[in-house]
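Chain residues, written in single-letter form:
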Amino acid sequence: MLRLSVRHVHPDQVDHLRWWMQQLQRDRRVEAEATLVDETVDHERAVLVEVGGRHLLVYAMEVRDADQARRSADSGTHPIDAEHQAVLARVLADGPIEEVLLDLTPG
């Protein structure tokens, strides 16, 4: 299952978001990957997009078990889980209105 979210980033928090994602990508990758295993996430990607002078964080995850992913993310047994939630709470603003236009899965 593909999970996707799009949120505005507070203008004064863009650099902090970049710093945090670099931490996950490089310095704390082993910790971050351990959370993916617990959450049944096969692939996670975060993309920062600038549109009309505002930044959007587009977050996509491919998960095997959406319920397990949510339970594990909410329970946060890894120290990095709480840090990740705190950073996102700090840097993310309101989300744009989303309208799903296409959702196909073969089979």
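This one's a predicted model, so the numbers in the text were calculated from it and none came from an experiment. (Residues numbered from 1 in each chain as written. Predicted model: local features only at pLDDT ≥ 70, side-chain atom pairs only at ≥ 80, totals over all residues. Heavy atoms only, no water.)

**Things to note about the packing of helix H1 (residues 14–27) against helix H4 (residues 79–91)**
Now for step 1: As a packed pair, H1 and H4 sit with axes 10 Å apart at the nearest point and diverge in direction by 160°. When the interaxial angle is binned, H1 and H4 end up roughly antiparallel. Every pair of crossing elements has a handedness; the one defined by H1 and H4 is left-handed. Contact with H1, carried on its side by His-16, Leu-17, Trp-20, Met-21 and Leu-24, involves Ile-80, Glu-83, His-84, Val-87, Leu-88, Arg-90 and Val-91 of H4 and no other residues of that element. (Axes fitted to C-alpha atoms, helices over the stretch in contact; angles between N-to-C directions. Helix = DSSP H or I, 4+ residues; strand = E, 2+ residues; numbered from the N terminus. Parallel < 35°, antiparallel > 145°, perpendicular 65-115°, else oblique. Left-handed = near helix turned anticlockwise from the far one by under 90°. Contact = heavy atoms within 4.5 Å.)

**Examining the packing of aromatic side chains**
Now for step 1: Tallying each qualifying case throughout the model produces one aromatic pair.
Now for step 2: Between Trp-19 and Trp-20, the aromatic rings sit 6.1 Å apart at their centres with planes inclined by 45°, giving tilted as the arrangement.
Now for step 3: Its relative accessible area of 2% is what places Trp-20 among the buried residues. (Phe/Tyr/Trp six-rings, centres within 6.5 Å; stacked < 30°, edge-to-face > 60°. Buried < 20%, exposed > 50% of the residue type's maximum accessible area, 1.4 Å probe, protein only.)

**Regarding the sheet that holds strand E1 (residues 2–9)**
Now for step 1: Pairing is antiparallel across the open sheet formed by three strands, whose spatial order is E1-E3-E2. Here the strands that pair on one side only, and so sit at the sheet edges, are E1 and strand E2 (41–51). Looking at each pair of strands side by side, their axes are set apart by 15° on average, direction ignored.
Now for step 2: The pairing of E2 with strand E3 (residues 54–63) spans ten bridges and is antiparallel. Each bridged residue has a counterpart across the sheet, and for His-43 the counterpart in E3 is Glu-62. (Pairing = 2+ DSSP bridges.)

**What to know about the layout of surface pockets**
Over the atoms, a rolling probe the size of a water molecule traces out where space has been left empty.
Now for step 1: Within this model, the largest pocket holds a volume of roughly 990 Å³.
Now for step 2: Leu-36, Glu-44, Tyr-59, Met-61 and His-84 are the residues nearest the centre of the largest pocket, which is lined by 32 residues in total.
Now for step 3: If you list the elements that add at least two residues to the lining of the largest pocket, you get E1, H1, helix H2 (29–38), E2, E3, helix H3 (66–75) and H4.
Now for step 4: Roughly 350 Å³ of internal volume is contained in the second largest pocket. (1 Å grid on protein atoms, 1.4 Å probe; cavity = no way out; pocket = protein on both sides within 12 Å on 5 of 7 lines; lining within 4 Å. Points joined across faces, edges and corners; volume = space filled by probe spheres on them.)

**Brief notes about unusual backbone geometry**
Now for step 1: Even without a glycine there, the phi angle at Thr-40 is positive, about 55°.
Now for step 2: Relative to the elements of secondary structure, Thr-40 occurs in the loop between H2 and E2.

**A few points about H2**
Now for step 1: Residues of H2 that are buried: Ala-32, Thr-35 and Leu-36. For H2, the angular spread of the buried residues around the axis is 105°, confining them to a single face. Of the exposed residues in H2, those oriented more than 90 degrees away from the buried face are Val-30 and Val-37.
Now for step 2: The elements touched by buried residues of H2 are H1, E2 and H4.
Now for step 3: Within two residues after H2, Thr-40 carries a phi angle of roughly 55°, on the positive side. (Arc of directions from axis to C-beta.)

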